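Reading the structure
So the chains spell out like this:
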Amino acid sequence: MQCLHACSLSAAPRQLRRSTFTPCEAVSSLSQSRCTGPRLAAGPAQIEARVTTPRDRRKKRHLSIRRRSNQHIYAQIIDDTQGNTLAASSSLSPALREMLKEVGGATTEAARQVGIKIAEICLEKGISKVSFDRGGHIYHGRVKAVAEAAREGGLVF
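Only a predicted model underlies this, so the values are computations on that prediction, with no experimental measurement involved. (Residues numbered from 1 in each chain as written. Predicted model: local features only at pLDDT ≥ 70, side-chain atom pairs only at ≥ 80, totals over all residues. Heavy atoms only, no water.)

1. Quick word on the layout of surface pockets
Which parts of space are left empty comes out when a probe the size of a water molecule is rolled across the atoms. In this structure, the largest pocket spans a volume of roughly 1,200 Å³. Residue lining of the largest pocket: 37 residues in total, with Tyr74, Ala75, Gln76, Asp133 and Gly135 positioned closest to the centre. Elements that contribute at least two residues to the lining of the largest pocket include exactly α4 (54-68), β3 (74-79), β4 (84-90) and α7 (142-152). Residues belonging to the lining of the largest pocket are distributed by class as follows: 18 nonpolar, 11 polar and 8 charged. (1 Å grid on protein atoms, 1.4 Å probe; cavity = no way out; pocket = protein on both sides within 12 Å on 5 of 7 lines; lining within 4 Å. Points joined across faces, edges and corners; volume = space filled by probe spheres on them. Helix = DSSP H or I, 4+ residues; strand = E, 2+ residues; numbered from the N terminus. Nonpolar A, V, L, I, M, F, W, Y, C, P; charged D, E, K, R; others polar.)

Structural data, given as structure tokens:
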């Protein structure tokens, strides 16, 4: 049994999904040591803790990335074999941000400028053929504007 103190609550939920803790008075009769922490409850308390799995953590990361991507537009060229980002551009980059002050960060014009910029960066690095992964988004609006502008800039999909 474990006592219900603020000091013991921090470690216990990580180990157990559901557990019932007994207050200090009941524990003191079983063990000779008496707790010195502040008492929280007079009766048994039920604590539920969520045990996270690697899959849950991956989903959480994925959702946090998706949460930010509606406010601006991002484009990356990634080498899938090595996992390296070869080129990147976004509506947050300082050069594009100045051009897009009047337009805003989440418009088709901003997406078009990001597509042109990513094509310039790729051609400077000698990359001309890429595969377009729309990340689950519909090929419409801003996603389409990035792709068409990158094609106009010289990239082959």
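2. Concerning the side chain of Gln113
As for its placement among the helices and strands, Gln113 is situated in helix α6 (residues 108-124). Residue Gln113 is classed as buried on the basis of its relative accessible area of 16%. Setting aside chain neighbours within four positions, we find Gln113 in contact with Leu96, Met99 and Leu100. (Buried < 20%, exposed > 50% of the residue type's maximum accessible area, 1.4 Å probe, protein only. Contact = heavy atoms within 4.5 Å.)

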